[in-house]
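# Examination of the molecular architecture
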Amino acid sequence: MQHFPDAQAVVRALRPEEPVILNRPHAAARAARFFVEKFPGRALYAVKANPSPELLQILWDNGVTHYDVASIAEVRLVRATLPQATLCFMHPVKSPGAIREAYHRHGVKTFSLDSVEELEKIVVACRDEEGNAATDLRLCIRLRVSSEHAALSLAAKFGCDLTEAPALLQQTRQHCDWLGVCFHVGSQAMSPFAYVQAIDRVRAAIAEASVVIDMIDVGGGFPSVYPGMEPPPLEDYFKIIHQHFYALPIAYNAELWCEPGRALCAEYSSLVVKVEKRRGEELYINDGAYGALFDAAHVDWKFPVRALEDDLIKPGMDFAFYGPTCDDADYMPGPFALPEDIQAGDYIEIGMLGAYGAAMKTDFNGFGAAERIIVTDEPMASLYDGSRTRPEADNVVSLR
Ligand SMILES: *Cc1c(COP(=O)(O)O)cnc(C)c1O
């Protein structure tokens, strides 16, 4: 991969016709070290946020040893990239073939589930050739929790209800000697209180079940920073999670896990796009809803933008973007503030696209190409550069 200092240098040197993904390895490394050093337990990486092998390697090199995978393709990818990594198959609905291959071929022991059917599927798929049950399974019950504090809900699809949880915990305990409870508060949880509510549910479930619990996994949902979404410092989340974890009725040596996706990689990438046409307050750019800007189109996510030309002198005004495909839905309402005199041929950098951005690109309509380049400047916003910590938080240590 080529290296440049920043987006402007890329545009000056290359005037790229296709979109370019700019990767910042130092930003991903800093996020990984932050979680490894400050989260009061084990931090897994949720691979779906961005499965790029370069990123996986950076996270590994900076202390992330466990990976949350959700498909057999993710299992194979992480196993091929990081042979020593511990993989945890945390999708509660898996195919028998995926479970079999993960367990027998790739050494996956940890699986999540939210139903008796899935428990039976796992138990059968992990038997040996003589039909003996596996004795080394580590199973994790996914509990349904509220998504009310999150920008993106994950509450509807997965997770067993509080009424079903005690029986499922008791039944699952008979098939494993390491039992966990996991949940997901929704992505981009803007308040640490989301985790308090969820841990209270865990408490209710395990009190009722009265089984020994070896692990609590508070899932993902840790926020990054976007226009209009400025979360409290992550230290606040860690502290409140730790306090509530300690008060749970669980094994004295129970582990605390989390599995962030967004928070570990949002700062890793930005995108350089070219304006192909201007129509009033609408800019036609060369990436969009079927590219790295899926969330900007489909869930109205706001990303920071900046113009990359030196000769734009007018003050900012609000623009909407059209992407390159022929589909009307390839539209990103923004608003994106850019200089009033921006025009066709100019370049724009769109920031904070390392999570659920670069990973979302498709080839629809022939517009999938994007070169990847390494840059060394700071991401457009950061939770980890020391600028957002609160002096009064007692566990703050600057990482700079
Ligand atoms: C998507 C997902 C994550 C990561 O969520 P973020 O909001 O990106 O942190 C973690 N765990 C599970 C089970 C997921 O589905």
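Residues numbered from 1 in each chain as written. Predicted model: local features only at pLDDT ≥ 70, side-chain atom pairs only at ≥ 80, totals over all residues. Heavy atoms only, no water.

## Thoughts on the packing of aromatic side chains
In this structure the tally under the stated criterion is 21 aromatic pairs. Put simply, the rings of Phe 34, Phe 35, Phe 39, Tyr 195, Phe 222, Tyr 237, Phe 238 and Tyr 384 pair up and form one aromatic cluster. Positioned above the aromatic ring of Phe 89, the side-chain terminus of Lys 94 is 5.8 Å from the ring centre. The side chain of Lys 277 reaches across the aromatic face of Tyr 284, ending 4.8 Å from its centre. (Phe/Tyr/Trp six-rings, centres within 6.5 Å; stacked < 30°, edge-to-face > 60°. Lys NZ or Arg CZ within 6 Å of the ring centre and 35° of its normal.)

## Some remarks on the environment of His 242
Within the secondary structure, His 242 is located in helix H9 (residues 234–246). Classification of His 242 by relative accessible area gives partly exposed; the value is 31%. Residues His 242 and Val 196 lie 46 residues apart in sequence; the distance between their C-alpha atoms is 10.0 Å. (Helix = DSSP H or I, 4+ residues; strand = E, 2+ residues; numbered from the N terminus. Buried < 20%, exposed > 50% of the residue type's maximum accessible area, 1.4 Å probe, protein only.)

## Observations regarding the packing of helix H4 (residues 72–81) against helix H5 (residues 96–106)
Running from amino to carboxyl end, H4 crosses H5 at an angle of 20°, the nearest separation of the two axes being 9 Å. As summarised for this structure, H4 and H5 are arranged roughly parallel, according to the angle between their axes. H5 is crossed by H4, and the crossing has left-handed handedness. In this structure, H4 contributes Ile 72, Val 75, Arg 76 and Arg 79 to the contact, and H5 contributes Ala 98, Glu 101, Ala 102 and His 106. For the contact of H4 with H5, a count of residues per class yields four nonpolar, one polar and three charged. (Axes fitted to C-alpha atoms, helices over the stretch in contact; angles between N-to-C directions. Parallel < 35°, antiparallel > 145°, perpendicular 65-115°, else oblique. Left-handed = near helix turned anticlockwise from the far one by under 90°. Contact = heavy atoms within 4.5 Å. Nonpolar A, V, L, I, M, F, W, Y, C, P; charged D, E, K, R; others polar.)

## So, the confidence of the model for the protein
The predicted model of the protein averages 94 in pLDDT, with 97% of residues at 70 or higher. Contacts from residues 391–400, a stretch scored under 50 in pLDDT, to residues over four places away or in other chains number 14 contacts. (pLDDT = per-residue confidence, 0-100.)

## So, the site of the ligand
Taken together, 14 residues lie around the ligand, and Lys 48, Ser 187, Glu 259, Arg 262 and Tyr 356 are the ones closest in. At 2.9 Å, a backbone N or O of Gly 221 approaches an oxygen atom of the ligand. For the ligand, whose accessible area on its own is 390 Å², the fraction buried by protein is 91%. A per-class count over the shell around the ligand returns four nonpolar, five polar and five charged. (Near = heavy atom within 4 Å. Polar contact = N/O pair within 3.5 Å; in protein donor to acceptor, adjacent residues only side chain to side chain. Areas by Shrake-Rupley, 256 points an atom, 1.4 Å probe, with all protein chains shown as cover.)

## Side note on the domain arrangement of the protein
Split by domain assignment, the protein resolves into domain 1 (3–22 + 268–375) and domain 2 (26–265). With centres defined by C-alpha atoms, the gap from domain 1 to domain 2 works out at 33 Å. Between domain 1 and domain 2, the buried area comes to about 1500 Å², and carbon and sulfur atoms account for 65% of it. Together, Tyr 268, Trp 301 and Tyr 356 form the three largest contributors to the area buried by domain 1 at its contact with domain 2, with a combined 52%. On the surface where domain 1 and domain 2 come into contact, there are zero salt bridges. Grouping the constituent residues of the side of domain 1 that touches domain 2 by class yields eleven nonpolar, two polar and one charged. (Domains from an automatic or database assignment. Buried area = accessible area lost by both parts, 1.4 Å probe. Salt bridge = Lys/Arg side-chain N within 4 Å of Asp/Glu carboxyl O.)

## Details of the nonpolar core
Phe 35 and Phe 222 are the most contacted members of the largest nonpolar core, which totals 116 residues. With sequence-adjacent residues up to four places away left out, Phe 222 is seen in contact with Phe 35, Phe 39, Tyr 195, Leu 234, Tyr 237, Phe 238, Ile 241, Cys 258, Pro 260, Arg 262 and Ala 263. Residues Ala 9, Val 11, Val 20 and Tyr 347 belong to the second largest nonpolar core, which totals twelve residues. (Core = buried A, V, L, I, M, F, W, Y, C linked by side-chain atoms within 4.5 Å.)

## Remarks on the sheet that holds strand E10 (residues 179–182)
With parallel pairing, nine strands are arranged side by side in an open sheet as E3-E13-E12-E10-E8-E7-E6-E5-E4. Every other strand in the sheet has two partners, leaving strand E3 (42–43) and strand E4 (45–46) as the edge strands with one partner each. Where strand E8 (residues 138–142) meets E10, four bridges bridge the pair, whose relative direction is parallel. Note on E10: the bridge partner recorded for Ile 141 is Val 181. (Pairing = 2+ DSSP bridges.)

## Looking at the pairing of strand E14 (residues 269–279)
Relative to E14, strand E2 (residues 20–23) runs antiparallel, the two sharing four bridges. Counterpart to Leu 22 in the pairing with E14 is Ser 270. Of the strand pairs in this sheet, E14 and strand E19 (residues 347–350) are connected by four bridges, and their pairing is antiparallel. Bridge pairing in E19 places Val 273 opposite Ile 348. The sheet contact formed by E14 and strand E15 (residues 282–285) spans four bridges and is antiparallel. Bridging from a neighbouring strand, Val 275 pairs with Ile 285 of E15. In textbook terms, the turn of a hairpin is the stretch between consecutive antiparallel strands, and for E14 and E15 this stretch comprises two residues, one of which, Gly 280, has a positive phi near 60°.

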